[in-house]
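This is what each chain is made of:
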Amino acid sequence: MTDLAGRVALVTGGTRGIGLATARALADAGATVVLTGRDETRAKEAAASIGGAVTGRALEVGDASAVSALVRAVAKEHGRLDIAVANAGVLEDALVGMIREDLVDRMLGTNVAGTIHTVQAAARAMMRRKAGSIVVLASIVGERGSAGQTAYAASKAAVANVARSTAKELGRYGIRVNAVAPGVIETDMTAHLGERVLADRVEHTPLGRLGTADEVARVIRFLAGDEASFVTGQVLGVDGGLVL
Ligand code: NAD
């Protein structure tokens, strides 16, 4: 298993779902983990549910200066930042004719701007040590498109290109940047999709089921650690073979 002893990791949106599973997976491998959530109490409760060297902090990823301040504080307190997982994200469905401006703002503000803020702040903290690994959360929907999810799909295509572009910039500093592109994973985010849609997705998934947050977390942990030391700029599907 990936050994992350002595490493310091940040996971945004770590109060539930894939973020919480990732914080746990990184901690299980020996990392010191700071997970964040919009609500401080929930972030602290999530950290306590994992235990060990995991702490919870409040963070709104759409706020660039808050992200920058939090990442600087984490790097100062722990002396380094080795791993950053830009996981925080939101999904709201709407057919194209029904998309309101505020929905577009929310999708782009959290999924795109929030990811860029996190990657930027993490890269600044990692550059001095000329080492680090950043993982961002794209989606199969961003690679293929999905009816009723235009704004989300656009935001996740952008996230994939944050990874591809920053990998090109940051390689010279020893920083790797990769994305995972999950298929349909059983979390609060997909709970609203309804039985008919979920059954249709399962039917189009060769492995014949939805994925779990732990299955995504283990791939993120692989990309975060030294076993993926020559992997950068990749968008890795974790989707059971789903064909959209
Ligand atoms: P989730 O809704 O269960 O959790 C999302 C987390 O992000 C929560 O902790 C939430 O509080 C946090 N968050 C949302 N907006 C935020 C903001 N502005 N600032 C700070 N934190 C914020 O979702 P999930 O299913 O665990 O998804 C995690 C990531 O994986 C997201 O980026 C999502 O788009 C992506 N993803 C999920 C699936 C899936 O099927 N669940 C598929 C593809 C991609």
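Residues numbered from 1 in each chain as written. Predicted model: local features only at pLDDT ≥ 70, side-chain atom pairs only at ≥ 80, totals over all residues. Heavy atoms only, no water.

As recorded in an unreviewed UniProt entry, the protein chain goes by the name 3-oxoacyl-ACP reductase, listed as coming from Prauserella muralis. Check the Sequence similarities (unreviewed entry) section of the UniProt entry for the protein chain; it says "Belongs to the short-chain dehydrogenases/reductases (SDR) family." (UniProt positions renumbered as here; feature names shortened; annotations may be inferred.)

Trainee: What's the story with the side chain of threonine 166 in this structure? I'm lost.
Mentor: Mapping threonine 166 onto the fold places it in helix 6 (residues 150-170). Owing to a relative accessible area of 16%, threonine 166 belongs among the buried residues under this scheme. From its side chain, threonine 166 meets the backbone oxygen of valine 162 in a polar contact 2.6 Å long. Contact partners of threonine 166, with chain neighbours within four places excluded, come to Val119 and Val177. (Helix = DSSP H or I, 4+ residues; strand = E, 2+ residues; numbered from the N terminus. Buried < 20%, exposed > 50% of the residue type's maximum accessible area, 1.4 Å probe, protein only. Polar contact = N/O pair within 3.5 Å; in protein donor to acceptor, adjacent residues only side chain to side chain. Contact = heavy atoms within 4.5 Å.)

Trainee: Where do I start with the pattern of salt bridges in this structure?
Mentor: Pairing between side chains of opposite charge can happen when the charged atoms of each approach one another. A full pass over the atoms with the stated rule returns 12 salt bridges. A salt bridge links arginine 80 to aspartate 82; the nearest nitrogen and oxygen atoms lie 2.8 Å apart. Its relative accessible area of 7% is what places aspartate 82 among the buried residues. Between arginine 129 and aspartate 82 there is a salt bridge whose closest N-O contact spans 3.2 Å. (Salt bridge = Lys/Arg side-chain N within 4 Å of Asp/Glu carboxyl O.)

Trainee: Looking at this structure, how should I read the UniProt feature "domain: Ketoreductase" (unreviewed entry) in the protein chain?
Mentor: When the UniProt feature table is mapped to this numbering, "domain: Ketoreductase" (unreviewed entry) covers residues 7-183. Taken as a whole, residues 7-183 contains 51% helix and 19% strand, while its terminal C-alpha atoms sit 29 Å from one another.

Trainee: Could you clarify how one ought to interpret helix 3 (residues 64-78) in this entry?
Mentor: For an α-helix, the turn length of 3.6 residues means that residues three or four places apart are oriented alike. An ideal rise of 1.5 Å per residue puts 21 Å on 15 residues; helix 3 measures up with 21 Å between its terminal C-alpha atoms. By the burial criterion, the buried members of helix 3 are Val67, Ser68, Leu70, Val71, Val74 and Ala75. In an axial view of helix 3, the angular spread of the buried residues amounts to 165°, which keeps them on one side of the axis. Seen from the buried face of helix 3, the exposed residues on the opposite side, beyond 90 degrees, are Ser65, Arg72, Lys76 and Glu77. Those residues of helix 3 hidden inside the fold are in contact with strand 1 (8-11), strand 2 (32-37), strand 3 (54-58) and helix 4 (101-127). Just beyond helix 3, the residue with positive phi is glycine 79, at close to 80°. (Expected span 1.5 Å × (residues − 1). Arc of directions from axis to C-beta.)

Trainee: Would you mind showing me how to read the site of the ligand here?
Mentor: Close to the ligand lie 27 residues, the nearest being Thr15, Arg16, Asn87, Tyr152 and Thr187. Here glycine 13 contributes a backbone N or O atom positioned 3.3 Å from an oxygen atom of the ligand. Measuring from a nitrogen atom of the ligand, one finds a backbone N or O atom of valine 61 at 3.1 Å. For the ligand, whose free accessible area comes to 830 Å², the fraction covered by protein is 96%. (Near = heavy atom within 4 Å. Areas by Shrake-Rupley, 256 points an atom, 1.4 Å probe, with all protein chains shown as cover.)

Trainee: Explain the layout of surface pockets to me, please; I cannot follow it from the model alone.
Mentor: Any empty space left between atoms is shown by rolling a water-sized probe over those atoms. Of the volumes computed, that of the largest pocket is approximately 1,100 Å³. Around the largest pocket sit 47 residues that line it, and Arg16, Ala88, Gly89, Val90 and Met189 are the ones nearest its centre. When residues of the lining of the largest pocket are traced back to their parent elements, those giving at least two are helix 1 (17-28), strand 2, helix 4, helix 5 (140-144), helix 6 and helix 7 (188-191). At four residues, the largest contribution of residues to the lining of the largest pocket is made by helix 4. Here the residues of the lining of the largest pocket sort into 18 nonpolar, 18 polar and 11 charged. (1 Å grid on protein atoms, 1.4 Å probe; cavity = no way out; pocket = protein on both sides within 12 Å on 5 of 7 lines; lining within 4 Å. Points joined across faces, edges and corners; volume = space filled by probe spheres on them. Nonpolar A, V, L, I, M, F, W, Y, C, P; charged D, E, K, R; others polar.)

Trainee: I tried to follow the packing of helix 1 against helix 9 (residues 213-224) on my own but got confused; where do I start?
Mentor: How two helices pack is summed up by the angle between their axes together with the distance between the axes. Contact geometry of helix 1 with helix 9 gives a least axis separation of 8 Å together with a crossing angle of 50°. Judged on the interaxial angle alone, helix 9 and helix 1 are oblique. Crossing geometry of helix 1 relative to helix 9 is assigned as right-handed. Contacts between helix 1 and helix 9 involve Gly17, Ile18, Ala21, Thr22, Ala25, Leu26 and Asp28 from the former and Ala213, Asp214, Val216, Ala217, Ile220, Arg221 and Ala224 from the latter. Of the residues contributing to the contact of helix 1 with helix 9, the split by class is nine nonpolar, two polar and three charged. (Axes fitted to C-alpha atoms, helices over the stretch in contact; angles between N-to-C directions. Parallel < 35°, antiparallel > 145°, perpendicular 65-115°, else oblique. Left-handed = near helix turned anticlockwise from the far one by under 90°.)

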